[in-house]
Amino acid sequence: MSDPSLWRRYRDLLRRKPAEDVDDEVRLHLQLREEEALRQGLDPAHARAAARERFGDVPGVVAELYRIDESREVRRRRAEWLSDLRRDSRFALRSLRRSPSFAVTAVVTMAIAIGANTTIFAFVNALLLEPLPYARPGELVTIDANVIGSIGEMLALRDRHTGLADIALIRPRSITYDDERDPARLDGFFVTPNLTSLLGVRPEIGRAFNADASRPGAGKEILLSHSLWSDRYGGDRRIVGRFVLVDGERCLVVGVMPASFGFPSTAARFWTPLSIDPSNIAQTWAIGNSRWIARLAPGVSADRASATIGSILPGLRHLNPLWDPGSSYGHTVAAHPLQRSLVGAERTPLILLFACVMVVLIVACVNLANLTLARVTAREREFTVRAALGGGRGRLVRQLLTESLLVALVGAAAGFGLAAVGVRFASAALPSAMYRPADARLDVVVLAFTAILGVVTGIAFGLLPALRAASAAPSTDATHLTRTGSPHGRLTSALVATEVALAVVLAITAGLLTRSFARLTDLPPGFRTDHVVTARVSPPAKGYSELSRLSAFYGALLARLSAAPGVYGVGLVDRPPIVAPVYGMAMRVKGQFEDVTRGLPTADHTQIVTPGYFAALGIPIISGRPLDGGDRAGAAPVALVSRALAKHFWPDESALGKQIGYPWASPWLTIVGVVPDVRIDSLRDPSAMAVYIPFEQRSPRVAPEMSIVIRTDADPTALERQLRDIVASIDRSVPVTAVRGMDDVIAGSVAKPRLTTLVVASFALITLLLGAVGIYGVMSYVVGQRAHELGVRMALGATSLDLARHVVGRAVSVAGAGAAAGCALSLAATRGLTSLLYGVSPTDPATFAGATLVLVAVAVVASLVPARRAMSADPVEALRRG
Amino acid sequence: MPTTIEFRHGAIELLILKALSWGPQHGFSIARWIQDAADDVLRLEEGSLYPALHRMEDKGWVRATWGASENNRRAKFYQLSARGREQLVTDSRDWWRYAAAVGKVLKSTARPATA
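Thresholds, definitions, all that
Residues numbered from 1 in each chain as written. Chains lettered and ligands numbered in written order. Predicted model: local features only at pLDDT ≥ 70, side-chain atom pairs only at ≥ 80, totals over all residues. Heavy atoms only, no water. Contact = heavy atoms within 4.5 Å. Buried area = accessible area lost by both parts, 1.4 Å probe. Salt bridge = Lys/Arg side-chain N within 4 Å of Asp/Glu carboxyl O. Polar contact = N/O pair within 3.5 Å; in protein donor to acceptor, adjacent residues only side chain to side chain. Helix = DSSP H or I, 4+ residues; strand = E, 2+ residues; numbered from the N terminus. Nonpolar A, V, L, I, M, F, W, Y, C, P; charged D, E, K, R; others polar. Disulfide = S-S within 2.5 Å. Buried < 20%, exposed > 50% of the residue type's maximum accessible area, 1.4 Å probe, protein only. Expected span 1.5 Å × (residues − 1). Patch = residues over 30% accessible without salt bridge, like charges linked within 9 Å, V, L, I, M, F, W, Y side chains within 5 Å. Areas by Shrake-Rupley, 256 points an atom, 1.4 Å probe, with all protein chains shown as cover. Core = buried A, V, L, I, M, F, W, Y, C linked by side-chain atoms within 4.5 Å. Axes fitted to C-alpha atoms, helices over the stretch in contact; angles between N-to-C directions. Parallel < 35°, antiparallel > 145°, perpendicular 65-115°, else oblique. Phe/Tyr/Trp six-rings, centres within 6.5 Å; stacked < 30°, edge-to-face > 60°.

Digging into the interface of chain A and chain B
A common measure of how large an interface is: the accessible area buried when the components associate. Between chain A and chain B, the residue contacts involve 23 residues of the former and 27 residues of the latter. Around 2,200 Å² of area is buried between chain A and chain B when both sides are counted, 49% of it from carbon and sulfur atoms. Three residues stand out in chain A for area buried against chain B, namely Glu25(A), His29(A) and Arg54(A), and they jointly supply 27% of the buried area on that side. At the junction of chain A with chain B, the criterion picks out nine salt bridges. The tally of links between chain A and chain B comes to 18 residue pairs in polar contact (both at pLDDT 80 or more). Looking at the side of chain A that touches chain B, the elements with two or more residues in it are helix 2 (18–39), helix 3 (44–55) and helix 4 (58–98) of chain A. Per element, the largest residue contribution to the side of chain A that touches chain B is eleven residues, and it comes from helix 2 of chain A. In the side of chain A that touches chain B, the residues fall into seven nonpolar, three polar and 13 charged.

Structure representation (structure tokens):
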């Protein structure tokens, strides 16, 4: 009976197939009738025919009998299965009730592990798996290329055959929005009017933009986001058709987009048509922070479209009437699926969290497998009896699996409940701007995931112990089993080593993220962050189109703020560091790159600043002079540059007195000072070639909005009130927004990595605890099993310390083997972390060593209690029993 | 000789129940008993007996066991269950009432009332 298939064959012999029975029954009838006819004197052929004739339609009847009997067989089997299930469930319930501590431990472990998995999966599902809420989302792509992002390029692409059904362009836009209430500063997007039709979405109320909305001279229009509509108007439908002031200009509200439409992210509060006027060369070919959204033509793959566009783009280099973007222009092109590119940076951390939480689940399963194994061993006598009473191996396996499935499913149900709480908490912790409303819900898909998880984990942690029990069952030699439990011990040790290996992987992941996070936050940004407050001040474009008016406004603001108590320095900057990316520009360099029709180099960042900016942020001047009041419109144009830029173009001489210029024919700017390199885009972005242009000498095309930087020891809220009062007293229509301490800005810029690190670290901690429980369990078992052997050893002169050392050594060797495997596994796995790490190699030896040490230390601690028990082994008792 | 009166649906089950009231039998002997009992007046298509038997097995009116036939061949014997016995009582009572009603009509001499 060692071969399970043998038993199955035996059972099939007893239970004949229904078809054979039917054949036998009908054959007998025909034979008997035939014999009767023969006895009446018919010849064999006629007898046979007569029998068949009296019977009627033989094949028809046989077929009908098959049908009847087979459906009866199916019913019978189903009933048998159900009654087995009922019996197994009753049995499982009874045996779990007998050991409530096991049942509770197992259910709670499963509930936590499955709950965490379900929570993370709800987000994975909502953000990565659910298709975009747009028409035929598989056809939507973004096109990334090294182009200048001008309108001219998009028009050129649209007019050529590219394999695209349609292409749209979006550009961020900040506006001062006024509707006879508080003027507000809002972030949204310029879009080409075809965006909504390209995506296949419609406004919730009102209409989308007409095709001619981007014509020069067309009436100004705006589409509101659902959030703006509900926040500002409480969902009043009458707003559609009214006029509001956008940057001081009358603008018609044409519609409100549905809540599901957060394009390209839920941070977008409005959309306005991009004005397109090919006759305006400067506007059409200006560098822009543009994104191209396209719909592939039917039957065209993203790769083919990339290839076609890639063959067109380099040719656009000479279409640019203003300057030559360089020889590498247009050479890298890729059409990415829209969803992938919208999810963008959220993708890797989400997948990482999903992987980590899966590891937690696996470790939980291994732990439960171990616990179950110990139970099975304790119940070996029971199984032996059951086997002897005729319970087959299959039945036994099924019974034990029912038990573990019951635990897993109850755990899954509880986990689903935990996930409902988890999702609510996690939603609050999530970054607010996502590419779609992060409405992670516990829907049917998530429920199915949880159910599958329940079944799979139930089998995962139950199968091994069940098989082990079944293989032990037929043996009637119970003493043999209890004396040499070593196969069990080996299996348990292997399971614990697995657990340790996985815990090491998580510990290393958490360690790497933590170290990276520490590196990131330890970085000196190059400027002061304490006692510095920034705020956006946004005069509407309409009233402030003249530079002189704007200068007067800001001049008054700076003067009054500097006089305010507790203020030590004030400056303006068009885009403050760290808050958002600060764009650079192509630039001429006198004596090196003068010809705009040839490729020009690019500065990483260009900032427009007032003289007080550097002092307010505590940025010193390394050489030359600071900007001052003399650097005004009409005076000789000047600029400051960063050390990196100076070193790049003039490695062996001073940059002072050298000249740079805009990428079009314009007076040269003389470099009068050099400042240190500071972090500008983000803490982790080291690009530092920066150009600083004095505010008074800036190009009049730049938007009037500036950020104010204030160095102060005043209370932030008091300062904010003061700032608002001063601005309002100069011009009530100018909104002040985003008042934040620079420390907060910095902390906010690393909020996502902090969240990821925290979650992974807590997963690692859970795994570590599970690992400790596992080691404790296996060592207790070993000590219990070998009480006899330990006693003998003691009788032979081993001290109790020797025994303790023996037990701890065993734990350390198991943990060590697991840790080694975990390190090897991590070497392969942590490469996926590269994009999340800053300043730490994914194979950082210190982290690997640290994680290993922690696990071995945990192993030592977890084995101390069993070791104490080993020390109290009683040689007398051992010898008496032996 | 054989006046062929076709079976009405349902009647065959009643006959089977009656045949089995003498004790367990296999299909062929049921067929033969019915023929004999009816003095060969009823023309039974023997094949139709089996689906009826199997359905009665589903309904729990009869129980089947495998055994050996007269000259030791494997045969399926049918046996009335308690429910089958009850069924025989109610079905035969219904049959008699039905037959009596039909007979009464056929023997009637009353002329229909004309409107």
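A few points about the state of the cysteines
Residues and elements named next belong to chain A. Within this structure, the stated rule accounts for zero disulfides over all chains. Sulfur of Cys-356: no disulfide; nearest cysteine sulfur belongs to Cys-823 and is 16 Å away. Exposure remark for Cys-823: the relative accessible area of 16% places this residue in the buried category.

What about helix 4 of chain A?
End to end, helix 4 of chain A covers 59 Å across 41 residues, agreeing with the expected 60 Å (1.5 Å per residue, within 8%). A side-chain oxygen of the first residue of helix 4 of chain A lies 3.1 Å from the backbone nitrogen of Gly60(A); this N-cap is Asp57(A).

A short note on a nonpolar patch on the surface
All names here are of chain A. Nonpolar side chains collect at one region of the surface, where Val-104, Val-108, Ile-112, Leu-418 and Ile-766 lie side by side and expose about 390 Å² of accessible area between them. Looking at the nonpolar patch element by element, the count peaks at three residues for helix 5 (residues 100–129). Judged by relative accessible area, Val-108 falls into the partly exposed class, the value being 41%.

Focus on the nonpolar core
Where a protein is soluble and globular, its nonpolar side chains tend to be buried together. Ranked by internal contacts, the top residues of the largest apolar core, which has 89 residues, are Phe461(A), Val500(A) and Ile775(A). The biggest single contributor to this core is helix 12 (residues 347–378) of chain A, with 16 residues.

Some details on the packing of helix 26 (residues 845–862) of chain A against helix 27 (residues 864–871) of chain A
Residues and elements named next belong to chain A. Look at helix 26 against helix 27: their axes get within 5 Å of each other, and the N-to-C directions meet at 40°. Here helix 26 lies oblique to helix 27, going by the angle between them. For the pair formed by helix 26 and helix 27, the contact residues are Val-860, Val-861 and Ala-862 on the first element and Leu-864, Val-865 and Pro-866 on the second. Of the residues belonging to the contact of helix 26 with helix 27, the class tally is six nonpolar, no polar and no charged.

Observations concerning the packing of aromatic side chains
Each aromatic ring pair is described using two quantities: the centre-to-centre distance and the angle formed by the ring planes. Residues and elements named next belong to chain A. Here the structure, examined in full by the defined rule, presents 17 aromatic pairs over all chains. Summarising the aromatic geometry, the rings of Tyr-613 and Phe-614 are spaced 5.4 Å apart at their centres and angled 75° between planes, so their arrangement reads as edge-to-face. Of the two residues examined, Tyr-613 and Phe-614, each falls in the buried class. Taken together, the aromatic side chains of Tyr-134, Phe-261, Phe-263 and Trp-271 make up a single cluster linked through ring pairs.

Coordinates in, geometry out; function isn't part of it.
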